[in-house]
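Coordinate inspection notes
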Amino acid sequence: SQSWLANHWVRGALGDWGPWERQHYYQNKLKLAIIGQSLFGQEVYSNLRKQGHKVVGVFTVPDKDGKADPLAVAAEKDGTPVFKFPRWRVKGKPIPEVVDAYKAVGAELNVMPFCSQFIPMNIIDQPKHGSIIYHPSILPLHRGASAINWTLIHGDKKAGFTVFWADDGLDTGPILLQRECAVEPNDTVDTLYNRFLFPEGIKAMVESVQLIADGKAPRVPQSEEGASYEGIQKKSNAKINLAQPAEAIHNWIRGHDKVPGAWTVIDGQTVTLYGSSMLGGSVPAGQPLEVEGASQPGLVTKNGLVLYGTDGKPLLVKNLQFEDGKMIPASKYFSSGESSSVELTDDEKKMASEIRNIWKSILSNVPAIEDTTDFFKSGAASMDVVRLVEEVKQKCAGVQLQTEDVYMATTFQDFIQMFVRKLRGEDQEEELVIDYATKDVNNMTVKMPYQCFINGQFEDAENGKSYQTINPTDGSVICKVSYASVGDVDRAVEAAKEAYDNGPWGRMNPRDRGSLLYKLADLMEEHQEELATIESIDSGAVYTLALKTHVGMSIQTFRYFAGWCDKIQGKTIPINQARPNRNLTFTKREPLGVCAIVIPWNYPLMMLAWKSAACLAAGNTLVLKPAQVTPLTALKFAELSVKAGIPKGVINILPGSGGMVGQRLSDHPDIRKLGFTGSTPIGKQIMKSCAVSNLKKVSLELGGKSPLIIFSDCDMDKAVRMGMSSVYFNKGENCIAAGRLFVEESIHDEYISRVEEIKKMKIGDPLDRSTDHGPQNHKAHLDKLLEYCEVGIKEGATLVYGGKQVDRPGYFMEPTVFTDVEDHMFIAKEESFGPVMVVSKFKNGDVEGVLHRANDTEYGLASGVFTRDINKAMYVSERLEAGTVFINTYNKTDVASPFGGFKQSGFGKDLGEDALMEYLKTKAVTVEY
C-alpha cells in the first residue's frame, strides 16, 4: 500500500489540500474493495479515495430498470473497476467465477457500508485485514436489517451505529467503534438517518479504515447481555395496532417513516401515515373519522389527523398516502382534492417541456413521459425524488419546491399543475389563521396570538406543550403560550433557509424590501395602542412609557433601517497590480443568510426592533426567540409582518426556554449569525456554542454596571432629575441604567436629600396614566432584587429609602437608595437591574481617582458625567471605558446612534449604520479587463 502511494505521486497533486488533509494523506493507506450499494456507499467510497486509499474494486448490485446504483455511478466515473453480480452464491455455495473475479482485484480490506446481498465467508475472510461492516444500531442491541426502525419502535432514548468486524454470525462480530446520539421525541427513520446515522456514519467508516491501516483498530468482543434480534420490517407487517397506548402508536408510525411506511385502513382502503407527533396541549376542533381498529374515532383538524390511544392520549399525523401513491396533508382528508387546472402561458409551457426532459432523464426506462405517467409507478425511488426536486429548482430558480410536493403530485400532469401554481405564488394565498387570546383591558379588546410563528403560520409547538404568561401587576394569568421544542427550532430554521435561498426575499430589489419594512412600521403605528397595552400587561411597563419608548422607538427603528435598504454599498479599491494590466477591485456587502436573535424581557418589542430591523434591512431571514416571560408583543409583531406582506419564512418567532430554544439556535449549523441581549454568563455560553458548532458570527449586548460621575460644578437640578431617571427609568430594568453614582464629596449630602423626591413617585397600575413606577417584570426578578438589598445592608451600606416589596398584589418594589457604598461591596460591583440607586462619594477635585474607580469593573456598557466644565467633561469622556458616554444627560439613545458595550458588556452594535454591518459580509471582487 505504501509503494502504491509512492508510485502515484504527482507533483502539486496536493496543492489544494489543507494541512489536515495532507496529514491524513501521508498516513498508511490500503487497497480496498467496497462491497455494497446506495448513496451511503457512494459517500464512503468517495471519502476513502479522498483520504488517499486506493479502491481496487467496487462490488455492487445490478442496474435496476436501466439505472445504476449511485455507488456504481461514482466508481464508473472515476474509472474504478465495477462488478455488478446478481448474487454471490447458489444453493449456499459460492459461485467460483464471482470468487475469482473478486480475488483478482487484490484487496487488503473489504469495506461494507451498506450491503443487501449475502457475502460468502471465504470472501469475508479473504483480505489481509478481513472485512468491516456498518450497522445502524448500538450493538448488540437491534441486530438485524431493520435496526433503525426498531430503535424508534421500542422508544429508545439513544440511537447510534457500530462498525464491526464481519464474522459468520448475524451482526455478532467484534466491535471496532461505536457512536451514539439522543433520539428526539418526534424523530423518524428519515430524520435520525439524515441528522446522525448518515453523516457521522460516513466519517466513522473512513476513521475505521485509517485505524486498521495504522494497526490501531480494536476488536472488542460483543456481549450477549442486552442483545436483541428483530426481523425485517416490510410493508406487509407494518400495519398499525391501534389498540395500544398513544405513545406506542406514535413510535410505531415514526419507526416506519418513510420506509416502509406504517399503515392502517380508513374507509376500506389502505392508508399510510407519516409525520407523527405526540399532542401535549388541547386538541383543536375537527371532523370525526372512523379508523379501523381504533379505540375511538380520529379527528381531522386544521393541523392534521388526531388519533387516540387506549389511554385516551392524542397523537397528531401530518400526512396520508393512499394506495395509488398520492400523498395529501391529513388536514385535507375531507376535501375533494380536485382543483381546476390552470391554463399555461407560453413561457410556462417551455418550462413544462424542460421539466418533462428531467422526468425522462430520471425515468430512463419509460419510453415516453405522458401526462398520466406516474413518477413512482414508473420505478422512481426516494433518491429520485431528491434529484427531481433539485434539478427542477436548479432549472427554475426561485420556485419553492420540497420532496413532499412530489409525493402529493405523483403524475406528470399533477406535478406541472402544482409547479405552475407555486411559480405564480398561488399556493401562498391561504388566509392566515390565528387563534387569539383576547382580553378587554385599557378601554380596548386586545387580540394576542399565542402560538409559535413558523413559515408564515401560527401553530402549536410540535410537542403540544404550552406555559402561562403572567401579568406582573397582579400575578394573574394572561394566557397560555406555546412552548417551542428543538423540533420547532429546526423547522423554523429550515423555513428561514428556504426563504433565503429560494424565496422572493432573496431576489427582491432592495428598494422593494425597504418598502415592505416601511409598511410594517406603518402597521405597528396603526396598532401602537394595542402593542403598548400588551407590553404593559406582559412586562409591567408603564403604559405612557410603553407607548413612547417601547413601541414608539420600535417604529422609528424600522423606519430608519427601511431607509438603509437601497443604500448598502461597497467600495472600489486601487490595487498595486493595476499597471501595466487593467484591473478593477471592488467590494460588495452581502447578507449573511439565516440569523438567530435572542432578546431579553425588559424592552420586549424594542429589543426585537433594534436587532431584527437591521437584520431584515440587510436582506437576511431570521428566527427570533423572545424572552420566555414576555412573548406576546413579539407574536403580535409576527401577525403584523404577514399583513405587511413579508414573505413566509423570512420571520419566525419561537417562544420558549433559553436552555432549549436558545441553545439549539446557538448550535444549529444552518444559522450564520446570532445576536443576543442578556446576561454576561449566558452570553459566554452562547459564544462558546456558536464557535464549536459552525463558527457563526456573534454580537452580544450583555450586563453593565454603568458609572455616573457627578461633579460639584454641575447643574444640580438637572443632575438630580437626570440621576433619578438614570436609575429608575423603566423600573430600573434598563441595560444602561446607572449602576453606581459617584458624587463629589462637597455636594454629596445635598444630592442625597434632593434624591428623596422619589418618595413622591406614584407606584401602581401601569395602565393608569398617572403612574410613575410599575411592577417589576416577574416574581423571580423581584425576589432577586430584595435579596440584593439585603446583601447591601449586611455589608454595611446605608439604606436611605426603600429596599422592600410594596404591600399590594403584584411584583412591586419601592424605589431604593443606598449611600456609603464602598468599592469592595457586592452592590458596588454587580448590577441590580432594578430600581436601586447605589451612591458612593469621592474626594473633592479627585478626577483621576474617581475615573479609576469608575473604570474598575469588567463591564463597559454606558457611563455619564455631569459638570459645567466642558474641558473636564471631554477629558472624562475620553477616559471612561464604555461604549456610550452621556454628558449632562442620560438615557438619550437614538436610532441613528450606535449602541453597544466594551469588555464583558459584549461587542457588536445595535442601531445606526454600525448595526447594519453586523448583519452583512464583505466580498472582494477583482477583475482584469
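Basis of the calculations
- Residues numbered from 1 in each chain as written.
- Predicted model: local features only at pLDDT ≥ 70, side-chain atom pairs only at ≥ 80, totals over all residues.
- Heavy atoms only, no water.
- Helix = DSSP H or I, 4+ residues; strand = E, 2+ residues; numbered from the N terminus.
- Rg over C-alpha atoms; globule rule 2.2 N^0.38 Å.
- Buried < 20%, exposed > 50% of the residue type's maximum accessible area, 1.4 Å probe, protein only.
- Contact = heavy atoms within 4.5 Å.
- Areas by Shrake-Rupley, 256 points an atom, 1.4 Å probe, with all protein chains shown as cover.
- Lys, Arg positive; Asp, Glu negative; His and termini not counted.
- Charge placed at Lys NZ, Arg CZ, Asp CG, Glu CD.
- UniProt positions renumbered as here; feature names shortened; annotations may be inferred.
- Polar contact = N/O pair within 3.5 Å; in protein donor to acceptor, adjacent residues only side chain to side chain.
- Patch = residues over 30% accessible without salt bridge, like charges linked within 9 Å, V, L, I, M, F, W, Y side chains within 5 Å.
- Salt bridge = Lys/Arg side-chain N within 4 Å of Asp/Glu carboxyl O.
- Pairing = 2+ DSSP bridges.
- Phe/Tyr/Trp six-rings, centres within 6.5 Å; stacked < 30°, edge-to-face > 60°.
- Lys NZ or Arg CZ within 6 Å of the ring centre and 35° of its normal.
- Axes fitted to C-alpha atoms, helices over the stretch in contact; angles between N-to-C directions.
- Expected span 1.5 Å × (residues − 1).
- Core = buried A, V, L, I, M, F, W, Y, C linked by side-chain atoms within 4.5 Å.
- Parallel < 35°, antiparallel > 145°, perpendicular 65-115°, else oblique.
- Left-handed = near helix turned anticlockwise from the far one by under 90°.

This brings us to the overall build of the protein chain. Of the regular secondary structure elements, the protein chain holds 29 helices and 40 strands. Expected size for 929 residues packed as a compact globule is a radius of gyration near 30 Å; at 33 Å, the protein chain falls within 12% of this value. Dimensions along the principal axes, computed over C-alpha positions, put the protein chain at roughly 105 × 70 × 65 Å. Per-residue burial over the protein chain gives 55% buried out of 929 residues. In the protein chain, of all internal contacts separated by at least 6 residues, the share reaching a separation of at least 24 is 70%. In the structure as shown, the protein chain presents an accessible area of about 39900 Å², 50% of it carried by carbon and sulfur atoms. Averaging the coordinates of the 103 positive side-chain charges in the protein chain and doing the same for the 116 negative ones gives two points 4 Å apart.

Looking now at the UniProt feature "site: Essential for catalytic activity" (unreviewed entry) in the protein chain. In the UniProt entry, the feature "site: Essential for catalytic activity" (unreviewed entry) is given for D171. With near-sequence residues (within four places) excluded, D171 lies in contact with H135, L139, R143, G144, F164 and Q222. A polar contact of 2.8 Å, which involves the side chain of D171, links it to the backbone nitrogen of G144.

Turning our eyes to something else, we now look at the UniProt feature "active site" (unreviewed entry) in the protein chain. Mapped onto this structure's residue numbering, the UniProt feature "active site" (unreviewed entry) falls at H135, E701 and C735. Maximum C-alpha separation among the annotated residues is 53.0 Å over a sequence range of 601 residues, too wide for a single clustered spot. Considering the arrangement of structural elements, one finds H135 in strand β7 (residues 131–135). Here H135 is in contact with H142, R143, G144, A147, F161, T162, F164 and D171, once residues within four sequence places are set aside. Of the polar contacts made by the side chain of H135, one reaches the backbone oxygen of H142; its length is 2.9 Å. Here E701 is to be found in strand β29 (residues 697–701). What E701 contacts, discounting residues up to four positions off in sequence, is F676, T677, G678, C735, L861, F899, S905 and D910.

Here the focus is a nonpolar patch on the surface. On the surface, a cluster of nonpolar side chains totalling about 270 Å² of accessible area is made up of L584, V927 and Y929. On the secondary structure map, V927 appears in strand β40 (residues 920–928). Under the relative-accessibility criterion, V927 is labelled partly exposed at 31%.

Time to look at the pairing of strand β11 (residues 269–278). Direction of pairing for strand β10 (residues 262–266) relative to β11: antiparallel, over a ladder of 5 bridges. Bridge pairing in β11 places A262 opposite L273. Hairpin connection between β10 and β11: a loop of 2 residues separates the two successive antiparallel strands, and D267 in this loop has a positive phi of roughly 55°. Bridge count for β11 against strand β15 (residues 314–321) is 6 bridges, and the pairing is antiparallel. Note on β15: the bridge partner recorded for S277 is L316.

Considering the arrangement of structural elements, one finds D374 in the loop between α10 (346–362) and α11 (382–395). For the buried D374, no salt bridge is present, and the opposite-charge side chain at shortest range is K377, 5.0 Å distant. Within the structure, the side chain of D374 is placed 2.9 Å from the side chain of T410, a separation counted as a polar contact. The contact partners of D374, leaving out residues within four places of it in the chain, are D324, T410 and T411.

Here we come to the sheet that holds strand β24 (residues 583–591). Across the sheet, which stays open at both edges, the 3 strands sit in the order β23-β24-β40 with antiparallel pairing between neighbours. Pairing within the sheet leaves two strands with one partner each, and these edge strands are β23 (572–573) and β40. As paired elements, β24 and β40 share 9 bridges and run antiparallel to each other. For F586, the partnering residue across the bridge sits in β40 and is V925.

Turning to unusual backbone geometry, a few remarks are in order. Going from L139 to P140, the amide bond is cis rather than trans, its omega being 15°. The backbone phi angle of S38 is positive, close to 80°, even though this residue is not glycine. Residue placement: S38 occurs in helix α3 (residues 38–50). Among the residues examined, S38 registers a relative accessible area of 17% and is labelled buried.

Quick look at the packing of aromatic side chains now. Following the criterion strictly, the structure yields 28 aromatic pairs and no others. Between F85 and W88, the ring centres sit 5.6 Å apart and the planes meet at 85°, which makes this aromatic pair edge-to-face. For F85, a relative accessible area of 15% puts it in the buried group. Look at W610 and F899: their rings are 5.0 Å apart centre to centre, the planes differ by 65°, and that puts the pair in the edge-to-face class. Of this pair, W610 sits in helix α19 (residues 604–617) while F899 sits in the loop between β37 (884–887) and β38 (902–903), placing them 289 residues apart in sequence. Residue classification places W610 among the buried residues on the basis of a relative accessible area of 3%. By relative accessible area, which is 3% here, F899 ends up buried. Through a chain of ring-to-ring contacts, three or more aromatic side chains come together here, namely F40, Y134, F161, Y193, F196 and F198. Geometry around W165 places R219 over its ring, the cationic atom sitting 3.6 Å from the centre. Lying across the ring of Y919, K673 places its NZ or CZ 3.8 Å from the centre.

Moving on to the sheet that holds strand β30 (residues 706–710). The strand order β32-β33-β34-β31-β30-β36-β37 describes an open sheet built from 7 strands, whose pairing is mixed. Looking along the sheet, the strands with just one partner apiece sit at the ends: β32 (798–801) and β37. In this sheet, neighbouring strand axes are inclined to one another by 20° on average, regardless of whether the strands run parallel or antiparallel. Alignment of β30 against strand β36 (residues 862–866), held across 3 bridges, turns out to be parallel. Residue pairing across strands places L708 opposite G864, the latter belonging to β36.

Glancing now at helix α22 (residues 680–694). Look at α22: 21 Å from first C-alpha to last across 15 residues, which is about the 21 Å you get at 1.5 Å a residue. The inward-facing, buried residues of α22 contact α21 (658–667), β28 (673–677), β29 and β35 (859–860). Where α22 ends, the next residue or the one after it, L695, has phi of about 55°, a positive value.

A few words on the nonpolar core. As a rule of thumb, soluble globular proteins bury nonpolar side chains together. Membership of the largest hydrophobic core comes to 105 residues, with the highest contact counts inside it found for M524, F558, I710, L741, Y751 and M837. Top contributing element to this core by residue count: α19, with 11 residues. Dropping the residues within four chain positions of it, M837 is found in contact with G723, M724, V727, Y728, L741, V755, T816, V817 and F818. One finds L30, I148, L152 and V183 within the second-largest nonpolar core, a separate group that totals 38 residues.

Here we come to the pattern of salt bridges. Oppositely charged side chains can pair when the atoms bearing their charge come close. All chains considered together, the criterion is met by 40 salt bridges. Across the pair R195 and D187 runs a salt bridge, and its minimum N-O distance is 2.7 Å. Given a relative accessible area of 35%, R195 falls into the partly exposed group. Two residues, R740 and D823, come together in a salt bridge whose shortest N-O distance is 2.4 Å. In this pair, R740 is assigned in strand β31 (residues 738–744) and D823 in the loop between β33 (816–819) and α26 (826–829), connecting sequence segments 83 residues apart.

The next thing to look at is the environment of V111. Along the chain, V111 falls in strand β6 (residues 109–112). Taking the C-alpha atoms as reference, V111 lies 9.8 Å from V58; in sequence the two are 53 residues apart. Residues in contact with V111, not counting those within four places in the same chain, are L32, A33, I34, I35, V44, L48, I132, M205 and V209.

Another point: the packing of helix α16 (residues 510–526) against α19. In the contact formed by α16 and α19, the axes pass within 11 Å of each other and the chain directions differ by 165°. By the criterion of interaxial angle, the relationship of α16 to α19 is roughly antiparallel. α19 is crossed by α16, and the crossing has right-handed handedness. Packed against α16, whose contacting residues are R513, L517 and M524, the element α19 presents L605, A613, L616 and A617 at the interface.

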